[in-house]
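Below, each chain spelled out in residue letters.
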Amino acid sequence: VLLDDVDDIPETRKYGLPNVTAYFDKHGTTFENAFVTTPICCPSRASILTGRYQHNHLTIDNTIKNGCDGPNWDVNVAPFSVGKRLQDLGNRTGLFGECRNN
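Description of the structure in this document. (Residues numbered from 1 in each chain as written. Predicted model: local features only at pLDDT ≥ 70, side-chain atom pairs only at ≥ 80, totals over all residues. Heavy atoms only, no water.)

Let us look at the overall build of the protein chain. Secondary structure summary: the protein chain contains six helices and zero strands in total. The helix and strand sequence of the protein chain, counted from the amino end, reads α-α-α-α-α-α. Counting only residues that meet the buried cut, the protein chain has 22% of its 102 residues in that class. Look at the contacts in the protein chain between residues 6 or more apart in sequence, and 38% of them connect residues 24 or more apart. As displayed, the protein chain offers around 8200 Å² of accessible surface, 55% of which is attributable to carbon and sulfur atoms. (Helix = DSSP H or I, 4+ residues; strand = E, 2+ residues; numbered from the N terminus. Buried < 20%, exposed > 50% of the residue type's maximum accessible area, 1.4 Å probe, protein only. Contact = heavy atoms within 4.5 Å. Areas by Shrake-Rupley, 256 points an atom, 1.4 Å probe, with all protein chains shown as cover.)

The next point concerns the pattern of salt bridges. Scanning all chains against the criterion turns up one salt bridge. Here Asp88 makes a salt bridge to Lys84, at a shortest N to O gap of 2.6 Å. One end of the pair, Asp88, and the other, Lys84, are both in helix H6 (residues 82-88), four residues apart, so they sit about a helical turn from each other. (Salt bridge = Lys/Arg side-chain N within 4 Å of Asp/Glu carboxyl O.)

The next point concerns the state of the cysteines. One covalent bond between the sulfur atoms of two cysteine residues makes up a disulfide. This model, assessed by the stated rule, comprises one disulfide. The disulfide partner of Cys42 is Cys68, and the gap between their sulfur atoms is 2.2 Å. The disulfide joining Cys42 to Cys68 has a torsion of about -130° about its S-S bond and is therefore left-handed. Separated by 26 residues along the polypeptide, Cys42 in helix H3 (residues 41-50) and Cys68 in the loop between helix H4 (54-57) and helix H5 (71-76) bring together distant segments of the chain. With relative accessibility at 0%, the residue Cys42 sits in the buried group. With a relative accessible area of 2%, Cys68 lands in the buried category. The cysteine Cys41 is free of any disulfide, with Cys42 supplying the nearest cysteine sulfur at 4.7 Å. (Disulfide = S-S within 2.5 Å.)

Encoded structure:
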């Protein structure tokens, strides 16, 4: 699973990886009319990784205390993420790029 949220990258920096861009233009999928349950970074990321709504994973904003880091993330998101479930089945997983906001 590869997700990208580059809609906030300035046009001058958007095509810094021309080979990667060309590959995904040819082989990737673009969702031009997509919706999310919570349109803010950390809560949306937690929903994508766990399949849970915000009221179940309790990630409410982008702060360290309530966002993508800290005790709430360690208790309510990380143990239930798709990556953890894949690891439990014997797969190797990884998160690359901006995974945390701190």
